[in-house]
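Here is what each chain is made of, one letter per residue.
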Amino acid sequence: MRGYFPDIYVNDWIVGLLVGLLSAVLIGAVMIRLALYVLRSFSLYKIARRRGIRGAWLAWVPVAGDWILGSVADQYQYVSKGRIKNRRLPLLLLGLCVAALQTVTMLIGITWLEISIRTMTGQIPAGAVSPLIGAYVLPALAWIGTVVQLVIRCFAVYDLYRSCTTRYNVLFLVLGLVFQFLEPVFFFICRDKEEGMPPRRETIVYCEPEPQTGEE
């Protein structure tokens, strides 16, 4: 019996160490994700504000930031190509729909897990509860919406890169897709560049001609 209690203390120490390490990893991951979000929002806000896009502050708001991204892309298409591309609206609507579907799916998943546990423990008779159709339909809809949103967003991000730089557009796009943490870094690199935008026209101020005095 004397060797039993030290083993318990050792096991508790190991469990506490593992919990501490896991907590540190989770906190570090959250801090890194927050820093990348701030970097992306700041860069997008600066680009939108410099180009005179209304509501540039929305770059700081989750989901609404895609509206600003789409606005930057739409402006580039109109100014440089003369095309009207309304990407900002689908990006915003798809972002809202996907976020809502993911939230509802998470809630249904928690409910489904609770029902499964109660069924296994005998609190609910097996077969008494029919499967939740939302547990299958909503994740599928969320996945489809995410794919469509990703495609439209790729075009918008590519237009943003083209409006800022003329050399590394495809490279930035591909690396940002494969390694998502790099996209905020690329936005930050492009924040002060206007290489792809056509030169702005200077405003011509009309001045009244000076009256002639009639002197020769």
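For the structure itself, consult the block above.
Source: prediction; values computed, not measured.

1. Thoughts on the overall build of the protein chain
Item 1. The number of helices and strands found in the protein chain is six helices and zero strands.
Item 2. For the protein chain, the N- to C-terminal ordering of α and β elements is α-α-α-α-α-α.
Item 3. For the protein chain, with 216 residues in total, the buried portion stands at 28%.
Item 4. Counting only contacts in the protein chain whose residues sit at least 6 apart along the sequence, the fraction spanning at least 24 positions is 66%.

2. Re the state of the cysteines
Item 1. If you walk through the whole model with that rule in mind, you get zero disulfides.
Item 2. Cys164 takes part in no disulfide bond, and the closest cysteine sulfur to it belongs to Cys190, at a distance of 4.7 Å.
Item 3. Taking relative accessible area as the criterion, Cys164 reaches 0% and is therefore assigned buried.
Item 4. Its relative accessible area of 0% is what places Cys190 among the buried residues.

3. Things to note about the environment of Trp67
Item 1. Secondary-structure assignment places Trp67 in helix H2 (residues 65-81).
Item 2. For the pair formed by Trp67 and Leu92, sequence separation is 25 residues and the distance between their alpha carbons is 5.4 Å.
Item 3. Those residues in contact with Trp67 that lie beyond four places of it in its chain are Leu58, Arg88, Leu89 and Leu92.

4. Observations concerning the nonpolar core
Item 1. Core analysis: the biggest nonpolar cluster contains 24 residues, and Leu44, Leu69, Val72, Leu160 and Tyr161 have the highest contact counts within it.
Item 2. Of all elements in the fold, only helix H1 (4-50), H2, helix H3 (88-120), helix H4 (134-164), helix H5 (169-178) and helix H6 (182-190) reach the threshold of two or more residues within this core.
Item 3. Aside from chain neighbours lying at most four places away, what touches Val72 is Leu44, Ile47, Ala48, Arg51, Ile53 and Leu160.

5. Details of the packing of aromatic side chains
Item 1. Inspection of every chain in the model, using the stated rule, returns six aromatic pairs.
Item 2. A ring pair is formed by Phe179 and Phe181, whose centres lie 6.2 Å apart and whose planes are at 65°; its orientation type is edge-to-face.
Item 3. Judged by relative accessible area, Phe179 falls into the partly exposed class, the value being 39%.
Item 4. A relative accessible area of 47% places Phe181 in the partly exposed class.
Item 5. Through a chain of ring-to-ring contacts, the aromatic side chains of Tyr161, Tyr168, Phe172, Phe186 and Phe187 assemble into a single cluster.
Item 6. Looking at Arg88, its charged tip hangs above the ring of Trp67, at a distance of 5.5 Å from the centre.
Item 7. The positively charged end of Arg191 is found above the aromatic ring belonging to Phe188, 3.8 Å away from the centroid.

6. Describing unusual backbone geometry
Item 1. Phi angles above zero are rare outside glycine, and Val63 is one such case at about 70°.
Item 2. Here Val63 is to be found in the loop between H1 and H2.
Item 3. Assessed through its relative accessible area of 26%, Val63 is described here as partly exposed.

7. A closer look at the layout of surface pockets
Item 1. Reported here for the largest pocket is a volume of approximately 1,000 Å³.
Item 2. Forming the walls of the largest pocket are 28 residues, and the residues nearest its centre are Arg33, Arg40, Arg153, Gln180 and Glu183.
Item 3. Elements represented by at least two residues in the lining of the largest pocket include exactly H1, H2, H3, H4, H5 and H6.
Item 4. Sort the elements by how many residues they give to the lining of the largest pocket and H4 lands first, with seven residues.
Item 5. Among the residues making up the lining of the largest pocket, the classes are represented as 16 nonpolar, seven polar and five charged.

8. As for the pattern of salt bridges
Item 1. In the structure shown here, the tally under the stated rule is 13 salt bridges.
Item 2. One salt bridge connects Asp66 with Arg153, and the closest N-O pair in it is separated by 3.6 Å. Of the two residues, Asp66 sits in helix H2 while Arg153 sits in helix H4, which places them 87 residues apart along the sequence.
Item 3. Since its relative accessible area comes to 17%, Arg153 is described here as buried.
Item 4. Residues participating in the shared-partner salt-bridge network are Lys46, Arg50, Arg51, Arg191, Asp192 and Glu194.

Criteria and thresholds
Residues numbered from 1 in each chain as written. Predicted model: local features only at pLDDT ≥ 70, side-chain atom pairs only at ≥ 80, totals over all residues. Heavy atoms only, no water. Helix = DSSP H or I, 4+ residues; strand = E, 2+ residues; numbered from the N terminus. Buried < 20%, exposed > 50% of the residue type's maximum accessible area, 1.4 Å probe, protein only. Contact = heavy atoms within 4.5 Å. Disulfide = S-S within 2.5 Å. Core = buried A, V, L, I, M, F, W, Y, C linked by side-chain atoms within 4.5 Å. Phe/Tyr/Trp six-rings, centres within 6.5 Å; stacked < 30°, edge-to-face > 60°. Lys NZ or Arg CZ within 6 Å of the ring centre and 35° of its normal. 1 Å grid on protein atoms, 1.4 Å probe; cavity = no way out; pocket = protein on both sides within 12 Å on 5 of 7 lines; lining within 4 Å. Points joined across faces, edges and corners; volume = space filled by probe spheres on them. Nonpolar A, V, L, I, M, F, W, Y, C, P; charged D, E, K, R; others polar. Salt bridge = Lys/Arg side-chain N within 4 Å of Asp/Glu carboxyl O.

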